[in-house]
Amino acid sequence: MTQESVVMTQSILFVCLGNICRSPTAEGIMRGLVQSAGVEIEVDSAGTSGWHNGALPDRRSMAEAARRGYDLSGQRSRQMVVQDFARFDLILAMDRSNFHNLQAMAPSGAGGKLGLLLDYLPDQPLREVPDPYYEDGFDRVFDLIEAACRAVLADVAG
Ligand code: 4NP
């Protein structure tokens, strides 16, 4: 057994660009899954930009989540800060652009905490969660994120 596999992941941060569509959806889903599983994992989300700081999740994300039984209304957008690299064990980006921006701001040694959310779904052809802000497709985005969050939880707490 490797050392990595015995160190429990206790905190997960999901990151997208605006922290109003994809990463709040991931946060809400993972909060629900963690609660159902009865495990203790801190869950949060942030944006690489601060464009929507303090804002509620996008109403389309909130509506899709509500339709699936998840409540995102307690969440507010915030920008990723460098301290997040110390605070979280696992930091998962929604797309490669987010991932590269995180790599660029990561303190030395913290890069190993970074991953792409969809790498937890290796049999699924997409590697990036599509940005629904301009494109729509919130139902498809929700499906992808939910499947990936289940895989993440199975990996860290299974
Ligand atoms: P998110 O989506 O990164 O999934 O929250 C976006 C939200 C806002 C913008 C872009 C993407 N925007 O350009 O303001």
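Residues numbered from 1 in each chain as written. Predicted model: local features only at pLDDT ≥ 70, side-chain atom pairs only at ≥ 80, totals over all residues. Heavy atoms only, no water.

Student: Lay out the overall build of the chain in plain terms, naming residues and giving numbers.
Tutor: When its secondary structure is counted, the chain shows 7 helices and 4 strands. For the chain, the N- to C-terminal ordering of α and β elements is α-β-α-β-α-α-β-α-β-α-α. Relative to its length of 158 residues, the chain is compact, with a C-alpha radius of gyration of 14 Å against a globular reference of 15 Å. If one aligns the C-alpha atoms of the chain with their principal axes, the spans along those axes are about 45 × 30 × 30 Å. Accessible area for the chain stands at about 8000 Å²; split by element, carbon and sulfur atoms hold 49% of it. Between the averaged position of the 14 positive side-chain charges in the chain and that of its 21 negative side-chain charges there is a distance of 3 Å. (Helix = DSSP H or I, 4+ residues; strand = E, 2+ residues; numbered from the N terminus. Rg over C-alpha atoms; globule rule 2.2 N^0.38 Å. Areas by Shrake-Rupley, 256 points an atom, 1.4 Å probe, with all protein chains shown as cover. Lys, Arg positive; Asp, Glu negative; His and termini not counted. Charge placed at Lys NZ, Arg CZ, Asp CG, Glu CD.)

Student: Describe the site of the ligand, naming the residues involved and giving the relevant values.
Tutor: For the ligand, the full set of nearby residues is Cys16, Leu17, Gly18, Asn19, Ile20, Cys21, Arg22, Trp51, His52, Asp131, Tyr133 and Tyr134. Within the contact set of the ligand, an oxygen atom lies 2.8 Å away from a backbone nitrogen or oxygen of glycine 18. The contact in question runs from an oxygen atom of the ligand to an N or O atom on the backbone of asparagine 19, over 3.3 Å. In the complex, the protein chains occlude 94% of the 360 Å² of accessible area that the ligand would expose alone. Here the residues of the shell around the ligand are counted per class, giving 7 nonpolar, 3 polar and 2 charged. (Near = heavy atom within 4 Å. Polar contact = N/O pair within 3.5 Å; in protein donor to acceptor, adjacent residues only side chain to side chain. Nonpolar A, V, L, I, M, F, W, Y, C, P; charged D, E, K, R; others polar.)

Student: Before we move on, could you go through the nonpolar core and cite the residues and values that matter?
Tutor: Core analysis: the largest hydrophobic core is formed by 29 residues, its most contacted members being Ile12, Phe14, Met30, Leu117 and Ile145. At the level of elements, strand 1 (11-16), helix 2 (22-37), strand 3 (90-93) and helix 7 (138-157) are the ones that each hand at least two residues to this core. Of the residues forming this core, the biggest block, 9 residues, is contributed by helix 7. Ignoring any residue separated from it by four or fewer positions in sequence, one finds isoleucine 12 in contact with Met30, Ile41, Glu42, Val43, Asp44, Phe88, Leu90, Leu92, Val152 and Val156. If you look at the next biggest cluster of nonpolar residues, it comprises 14 residues, including Leu13, Ala93, Phe99 and Ala106. (Core = buried A, V, L, I, M, F, W, Y, C linked by side-chain atoms within 4.5 Å. Buried < 20%, exposed > 50% of the residue type's maximum accessible area, 1.4 Å probe, protein only. Contact = heavy atoms within 4.5 Å.)

Student: Residue-level account of helix 7, with values.
Tutor: Over its 20 residues, helix 7 runs 28 Å from end to end, which matches the ideal 28 Å to within 8%, given 1.5 Å per residue. Buried residues along helix 7 sit in contact with strand 1, helix 2, helix 3 (59-67), strand 3 and helix 6 (132-135). (Expected span 1.5 Å × (residues − 1).)

Student: Break down the environment of arginine 68 for me, citing the residues and quoting the values.
Tutor: Inspection of the secondary structure puts arginine 68 in the loop between helix 3 and helix 4 (84-87). Distance in space between the C-alpha atoms of arginine 68 and alanine 86 is 33 Å, their sequence separation being 18 residues. Ignoring any residue separated from it by four or fewer positions in sequence, one finds arginine 68 in contact with Asp139, Phe142, Asp143 and Glu146. A distance of 2.9 Å separates a polar atom in the side chain of arginine 68 from a polar atom in the side chain of glutamate 64.

Student: Requested: an account of the packing of aromatic side chains, with residues and values cited.
Tutor: In this description, a pair of aromatic rings is defined by centroid distance and the angle of the planes. Counted according to the given criterion, the structure contains 2 aromatic pairs. Ring geometry for tyrosine 70 and phenylalanine 142: centres 5.7 Å apart, planes at 50 degrees, overall tilted. Of the two residues, tyrosine 70 sits in the loop between helix 3 and helix 4 while phenylalanine 142 sits in helix 7, which places them 72 residues apart along the sequence. For the pair tyrosine 70 and phenylalanine 142, a shared accessibility class is recorded, and that class is buried. (Phe/Tyr/Trp six-rings, centres within 6.5 Å; stacked < 30°, edge-to-face > 60°.)

Student: Pulling in residues and values, what's your account of empty space enclosed by the protein?
Tutor: Gaps between atoms show up when a probe of the same size as a water molecule is rolled over them. The full count for this structure, using the stated rule, is 1 cavity of 30 Å³ or more. If you add up the space inside the largest cavity, you get close to 30 Å³. The wall of the largest cavity is formed by Cys21, Thr25, Ser61, Phe138, Val141 and Phe142. Residue classes in the lining of the largest cavity are distributed as 4 nonpolar, 2 polar and no charged. (1 Å grid on protein atoms, 1.4 Å probe; cavity = no way out; pocket = protein on both sides within 12 Å on 5 of 7 lines; lining within 4 Å. Points joined across faces, edges and corners; volume = space filled by probe spheres on them.)

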